[in-house]
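# What the coordinates show
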2 protein chains.
Amino acid sequence: MTSPMHHDGFCCAAHSGSDSMAAILETAETRARMQGARLTPVRRRTLEILLHAHGALGAYEVLEKLAAEGYGTQPPVAYRALNFLVEHGLAHRIRRLNAFTACAQPDHDHRAAFLICEKCNSVTEADADLLSRALDQAAQAAGFQLDRATIEAVGQCRACQDAPE
Amino acid sequence: MTSPMHHDGFCCAAHSGSDSMAAILETAETRARMQGARLTPVRRRTLEILLHAHGALGAYEVLEKLAAEGYGTQPPVAYRALNFLVEHGLAHRIRRLNAFTACAQPDHDHRAAFLICEKCNSVTEADADLLSRALDQAAQAAGFQLDRATIEAVGQCRACQDAPE
DNA sequence: ACTGACATGTTATATAATAACATCAAAGGC
DNA sequence: GCCTTTGATGTTATTATATAACATGTCAGT
Ligand SMILES: [Zn+2]
Ligand SMILES: [Zn+2]
Ligand SMILES: [Zn+2]
Ligand SMILES: [Zn+2]
């Protein structure tokens, strides 16, 4: 057990945001349905694993957990579930980390930016609305037809700045 | 020979921008010096290879070329040269592509954004000043101390939009 | 010439991702 | 209810990307 002290599916403050984990899963279920897709057990469990994780998780970390619970033991099992979640807006891929994280606002389409702390490896999904607009402009200026974008910031989170040393 | 028709080190319009390749190499040389680093033969050649490439190049593609010219044949040779160039502002790493590209404005420090065409795989370095400011704001709002960022847009370049189908 | 710092090269290994195929389960037509 | 079609799950095997650890070589300063 990696996170010993949790109740109701939560383990820390970071996981007690506006949406509860149950609510997110509910949303996920609905959202997948609407897109004509099924949130099958592996997929759902993969999402839970991401939701429960502190930072982002690598595919092989996810695979380990899935395997330990009786799901498949080979890489494609994890990659397929993760790709499904990403494609359906339920998770994001963090390219700089070769890792995945559950989407914090799965209820609506959005372009996300990520704040990656170099000290504690936390990954925070930030509102990228302003950013997105600036990016649209930059793209337009270059005559580029923008489809989607990756925005990943690296630095130090508030907690780590406050922490001594 | 990959690019049969080139003169003066150039092979196409995309390579005939404001800075000539020779000028960029000159700048690179100077810039490295100023940072107390040496633009050695492998490093310089690696930069030339990137400058000469159309899209971004993977480390192993670069390695192939280096090896063919009598440099080392093993991955660290390419990775070291590429990392050197990135660390000294002479190249950028494109995470989405697991690839590298020569910096288009090596004469000054900047945060870059990249426009990646899904059709022709071209990679264009865009001005990210506006973007950078928006990102700073977003980070600040989250109490995040921003160090550096990756901004990569995916879509269709102008040429590919105009091209029929 | 000697020394210390850095550069280059190697072998070996770690890490991340996909291809190709067999089997199984759900959804829909009849 | 059966059959067919599609999609999901699992496997083995392979490919792709990146780094660790170490030996050798180069060069500037003394
Ligand atoms: Zn999200
Ligand atoms: Zn932190
Ligand atoms: Zn640049
Ligand atoms: Zn294009």
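The structure we're discussing is the one just above.
Residues numbered from 1 in each chain as written. Chains lettered and ligands numbered in written order. Predicted model: local features only at pLDDT ≥ 70, side-chain atom pairs only at ≥ 80, totals over all residues. Heavy atoms only, no water.

### Quick word on the overall build of chain A
Scanning chain A for helices and strands turns up 6 helices and 5 strands. Helices and strands in chain A line up, N terminus first, as α-α-α-α-β-β-β-β-α-β-α. Looking at chain A residue by residue over its 165 residues, the buried ones come to 42%. Contacts in chain A between residues far apart in sequence, at least 24 positions, make up 50% of those at least 6 positions apart. Entry remark: accessible area of chain A is about 9,000 Å², with carbon and sulfur atoms responsible for 50%. (Helix = DSSP H or I, 4+ residues; strand = E, 2+ residues; numbered from the N terminus. Buried < 20%, exposed > 50% of the residue type's maximum accessible area, 1.4 Å probe, protein only. Contact = heavy atoms within 4.5 Å. Areas by Shrake-Rupley, 256 points an atom, 1.4 Å probe, with all protein chains shown as cover.)

### Section: the protein's contact with DNA strand D
Contacts to DNA strand D come from 18 residues, most closely from T40(A), T73(A), Q74(A), R80(A) and Y60(B). For DNA strand D, a phosphate oxygen lies 2.6 Å from a polar atom in the side chain of T40(A). Between Y60(B) and DNA strand D, the recorded distance is 2.6 Å, taken from a side-chain N or O atom to a base nitrogen. For the surface near DNA strand D, the secondary structure elements donating two or more residues are α2 (41-52) and α4 (75-87) of chain A together with α4 (75-87) of chain B. (Near = heavy atom within 4 Å. Polar contact = N/O pair within 3.5 Å; in protein donor to acceptor, adjacent residues only side chain to side chain.)

### Structural notes on the coordination of the zinc ion (ligand 4)
All names here are of chain B. Here the zinc ion (ligand 4) is held by the protein donor atoms C117 (SG), C120 (SG), C157 (SG) and C160 (SG), which lie 2.2 to 2.3 Å from it. Donor residues binding the zinc ion (ligand 4) come from one chain and are separated in sequence as C-x2-C-x36-C-x2-C. Under the relative-accessibility criterion, C117 is labelled buried at 1%. (Donors = N, O, S within 2.8 Å, 3.2 Å for Na, K, Ca; no water.)

### Comments concerning the nonpolar core
L131(A), I151(A), L131(B) and I151(B) are the most contacted members of the largest nonpolar core, which has 30 residues in total. Beyond its immediate chain neighbours, meaning those up to four positions away, I151(A) contacts A112(A), A113(A), F114(A), L131(A), L135(A), L135(B), T150(B) and I151(B). (Core = buried A, V, L, I, M, F, W, Y, C linked by side-chain atoms within 4.5 Å.)

### Brief notes about the coordination of the zinc ion (ligand 1)
Residue and element names in this part refer to chain A. Only H92 (NE2), C103 (SG), H110 (NE2) and E125 (OE) from the protein coordinate the zinc ion (ligand 1), and they sit 1.9 to 2.2 Å from it. Of note is the zinc ion (ligand 1), whose 4 donor atoms meet at the metal with angles of 89 to 135° in an arrangement that counts as tetrahedral. Mapped onto the polypeptide sequence, the residues donating to the zinc ion (ligand 1) form the spacing pattern H-x10-C-x6-H-x14-E. Remark: H110 occurs in the loop between β2 (99-102) and β3 (112-117) and H92 occurs in strand β1 (residues 91-94); sequence separation between them is 18 residues. Taking the relative accessible area as the measure of exposure, H92 reaches 13% and is therefore buried. (Tetrahedral: all angles 85-135°; square planar, octahedral: opposite > 155°, others 65-115°.)

### A few points about the interface of chain B and chain A
As a measure of interface size, the accessible area lost when the parts come together is often cited. Each partner contributes to the interface: chain B provides 32 residues, whereas chain A provides 32 residues. Counting the surface lost from both chain B and chain A, the interface buries some 2,900 Å², and carbon and sulfur atoms represent 55% of this. Contact with chain A buries area across many residues of chain B, yet R96(B), F144(B) and R148(B) alone supply 20% of it, more than any other trio. Inspection of the region where chain B meets chain A yields 2 salt bridges. For the interface between chain B and chain A, the tally reads 18 residue pairs in polar contact (both at pLDDT 80 or more). If you list the elements that add at least two residues to the side of chain B that touches chain A, you get β3 (112-117), α5 (129-141), β5 (145-156) and α6 (158-162) of chain B. Sorting elements by how many residues they give to the side of chain B that touches chain A places β5(B) first, with 12 residues. Among the residues forming the side of chain B that touches chain A, the class breakdown is 17 nonpolar, 7 polar and 8 charged. (Buried area = accessible area lost by both parts, 1.4 Å probe. Salt bridge = Lys/Arg side-chain N within 4 Å of Asp/Glu carboxyl O. Nonpolar A, V, L, I, M, F, W, Y, C, P; charged D, E, K, R; others polar.)

### Details of the pairing of β1(A)
Residue and element names in this part refer to chain A. As judged from the 4 bridges shared by β1 and β2, these two strands associate in the antiparallel manner. Paired with R93 across the strands is F100, a residue of β2. Linking β1 to β2, which pair antiparallel, is a turn of 4 residues; within it N98 sits at a positive phi near 45°. (Pairing = 2+ DSSP bridges.)

### With respect to the sheet that holds strand β4 (residues 123-127) of chain A
As summarised here, the arrangement of the 6 strands in space is β4(A)-β3(A)-β5(A)-β5(B)-β3(B)-β4(B), forming an open sheet in which the pairing is mixed. For this open sheet the edge positions go to β4 of chain A together with β4 (123-127) of chain B, each flanked by a neighbour on one side alone. Neighbour-to-neighbour, the strand axes of the sheet open up by a mean angle of 25°, direction not taken into account. In the sheet, β3(B) pairs with β4(B) via 5 bridges, with the strands oriented antiparallel. (Axes fitted to C-alpha atoms, helices over the stretch in contact; angles between N-to-C directions.)

### Concerning the relation of the copies chain B and chain A
Comparison of the two chain copies shows a relationship of rotation about an axis with a shift along it. Between the two copies, chain B and chain A, the superposition gives an RMSD of 0.1 Å; the rotation angle is 180° and the shift along the axis is 0.0 Å. On this basis, the relationship between the two copies can be described by a two-fold rotation axis. Nearest to the rotation axis, the C-alpha of I151(B) is located 2.3 Å from it, this being the minimum over chain B. A high fraction, 100%, of the interface residues of chain B reappear at the interface in chain A, so the copies pair face to face through one surface. (Least-squares fit on C-alpha atoms with pLDDT ≥ 70 in both.)

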